[in-house]
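Each chain, written out:
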Amino acid sequence: MDLGLAGRTALVGGASSGLGLASAERLAAEGCRLAIWSRGEEALGRVAIELRDRHGVEVSVIAADSGEAGAAQRIAEAAEVALGRVDIVVLNAGGPPTVDPTQTDAAGWERAFQLLAITPIELATRLLPGMRERGWGRIVAILSSGVRQPIPELVYSNAGRGALMAWLKTTARAVARDGVTVNGVLPGRLETPRVESLDRGRAERSGRTVEAVRAEYFATIPAGRYGRPDEFGSYVAYLCSERASYQTGTFTAIDGGMISGLP
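Below is a summary of the structure that appears in this document. (Residues numbered from 1 in each chain as written. Predicted model: local features only at pLDDT ≥ 70, side-chain atom pairs only at ≥ 80, totals over all residues. Heavy atoms only, no water.)

## Focus: the pairing of strand 3 (residues 59-63)
Okay, step 1: The pairing of strand 2 (residues 33-38) with strand 3 spans 5 bridges and is classified as parallel. Counted as the bridge partner of tryptophan 37 is isoleucine 62 from strand 3. (Pairing = 2+ DSSP bridges. Helix = DSSP H or I, 4+ residues; strand = E, 2+ residues; numbered from the N terminus.)

Right, dumping it as structure tokens:
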């Protein structure tokens with residue numbers, strides 16, 4: 001299927017690894033010019049070289065931390081300098097730490113909301129006017145299954161991403177007539193460094209092996225396995241495409257059937 005993305009420009013967050021990298025990989029394969037950003041400039045540089053070599057597309061690197069105030073302005077300005085215009089924004093950032101939901105503190109909440117709500121909302125808000133003026137744009141946020149089925153030890157993530165989800169849904173209605181779509185994707189448990197870290201932490205806290213923790217999770221997933229990042233990245237690319245021009249304000253789980261409730 002031709003997704004109609006050749007020559008489009010995309011800004012992808014958290015692209016040094018995991019789901020951000022998988023999304024950048026798929027968009028590059030479709031012919032998008034990329035600006036990728038995350039905290040780790042060295043890792044981003046390696047990713048950029050690999051993407052250029054594999055797909056023959058332009059890839060620019062922006063080092064920034066979504067947890068810092070002012071990051072959105074720096075990212076938006078750097079992306080527009082590198083790409084000239086930004087057609088597609090994939091909002092994505094690393095997750096906050098695990099915590100007992102009865103033992104949170106103000107500093108943790110401030111950090112979580114800056115990381116997961118304030119920076120992505122500000123970034124998208126800065127880039128929306130150009131999309132609306134040109135009559136075409138895509139905003140796709142990588143969220144979490146926790147916004148629909150809260151994850152007990154990830155209360156900072158559940159709440160921060162939930163706030164972003166509310167903004168996305170509200171904004172989707174405001175910009176739909178301008179040719180801009182706004183959607184979210186809810187990953188379940190996929191084979192990423194983040195999930196590996198969470199599994200390892202759970203194993204250490206419970207005195208079990210990582211293999212035992214994974215087996216426990218497998219039993220809760222109807223597909224019986226963790227997902228592959230490329231499966232996720234393919235859906236993100238679809239949402240960014242011409243083929244998804246009538247889909248907006250949606251939040252789709254890529255979770256192997258793990259979420260038990262209705263949408």
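## Some details on the environment of arginine 194
Okay, step 1: Mapped onto the elements of the fold, arginine 194 is located in helix 6 (residues 193-206).
Okay, step 2: Judged by its relative accessible area of 30%, arginine 194 falls in the partly exposed class.
Okay, step 3: The spacing of arginine 194 and serine 16 is 178 residues in sequence and 12 Å in space, taken between C-alpha atoms.
Okay, step 4: Those residues in contact with arginine 194 that lie beyond four places of it in its chain are Gly95, Pro96 and Leu154. (Buried < 20%, exposed > 50% of the residue type's maximum accessible area, 1.4 Å probe, protein only. Contact = heavy atoms within 4.5 Å.)

## Details of the sheet that holds strand 6 (residues 180-187)
Okay, step 1: Read from one edge to the other, the open sheet built from 7 strands follows the order 3-2-1-4-5-6-7, with strand pairing classed as parallel. The sheet is open, and its two borders are formed by strand 3 and strand 7 (251-254), each paired with just one other strand. Going across the sheet, the axis of each strand differs from the next one's by a mean of 15°, ignoring polarity.
Okay, step 2: The pairing of strand 1 (residues 9-13) with strand 2 spans 5 bridges and is classified as parallel. Each bridged residue has a counterpart across the sheet, and for glycine 13 the counterpart in strand 2 is tryptophan 37.
Okay, step 3: Strands in contact with helix 2 (residues 41-55) are strand 2 and strand 3; relative to strand 3, the strand with the most contacts, it is inclined by about 170°.
Okay, step 4: Packed on one face of the sheet, helix 4 (residues 106-134) meets strand 1, strand 2, strand 4 (88-91), strand 5 (137-142) and strand 6 and runs near 170° to strand 4. (Axes fitted to C-alpha atoms, helices over the stretch in contact; angles between N-to-C directions.)

## Section: the packing of helix 6 against helix 7 (residues 210-218)
Okay, step 1: Relative to each other, helix 6 and helix 7 sit at 110°, their axes nearing to 8 Å. Put simply, helix 6 runs roughly perpendicular to helix 7. Classified by chirality, the crossing of helix 7 by helix 6 is right-handed. Residues Asp199, Arg200, Arg202 and Ala203 of helix 6 form the contact with helix 7, whose participating residues are Val210, Val213, Arg214, Glu216 and Tyr217.
Okay, step 2: Counted by class, the contact of helix 6 with helix 7 contains 4 nonpolar, no polar and 5 charged residues. (Parallel < 35°, antiparallel > 145°, perpendicular 65-115°, else oblique. Left-handed = near helix turned anticlockwise from the far one by under 90°. Nonpolar A, V, L, I, M, F, W, Y, C, P; charged D, E, K, R; others polar.)

## Focus: helix 1 (residues 18-29)
Okay, step 1: The first and last C-alpha atoms of helix 1 sit 17 Å apart over 12 residues, in line with the 16 Å expected at 1.5 Å per residue.
Okay, step 2: Residues Gly18, Leu19, Gly20, Ala22, Ser23, Ala24, Leu27 and Ala28 constitute the buried set of helix 1.
Okay, step 3: Following helix 1 by one or two positions, glycine 31 has its phi on the positive side, about 95°. (Expected span 1.5 Å × (residues − 1).)

## With respect to the nonpolar core
Okay, step 1: Residues Leu11, Ile75, Leu91, Leu123, Ile139, Leu143 and Leu168 are the most contacted members of the largest nonpolar core, which totals 33 residues.
Okay, step 2: For this core, the elements supplying multiple residues, two or more each, are strand 2, helix 3 (71-83), strand 4, helix 4, strand 5, helix 5 (155-175) and strand 6.
Okay, step 3: When near neighbours in sequence (up to four residues on either side) are disregarded, isoleucine 139 contacts Val89, Leu91, Ala124, Leu128, Met131, Leu168, Thr181, Val182 and Asn183.
Okay, step 4: Formed by 31 residues, the second largest nonpolar core is a distinct cluster that contains Ala10, Leu34, Ile36 and Ile88. (Core = buried A, V, L, I, M, F, W, Y, C linked by side-chain atoms within 4.5 Å.)

## Digging into the side chain of threonine 119
Okay, step 1: Here threonine 119 shows up in helix 4.
Okay, step 2: Polar contacts involving the side chain of threonine 119 include one to the side chain of glutamine 114, which spans 2.9 Å.
Okay, step 3: Apart from the residues lying within four places of it in its own chain, the contact partners of threonine 119 are Ser66, Glu68, Ala71, Ala72 and Gln114. (Polar contact = N/O pair within 3.5 Å; in protein donor to acceptor, adjacent residues only side chain to side chain.)

## Some thoughts on the packing of aromatic side chains
Okay, step 1: Evaluated as defined, the whole model comprises 4 aromatic pairs.
Okay, step 2: Grouping aromatic residues by their ring pairs yields a cluster made of Trp109, Phe113 and Tyr156.
Okay, step 3: Here the basic side chain of arginine 8 rests over the ring of tryptophan 136, its NZ or CZ set 3.7 Å away from the ring centre.
Okay, step 4: One residue, arginine 138, lies across the ring of tryptophan 136, its end atom 4.1 Å from the ring centre. (Phe/Tyr/Trp six-rings, centres within 6.5 Å; stacked < 30°, edge-to-face > 60°. Lys NZ or Arg CZ within 6 Å of the ring centre and 35° of its normal.)

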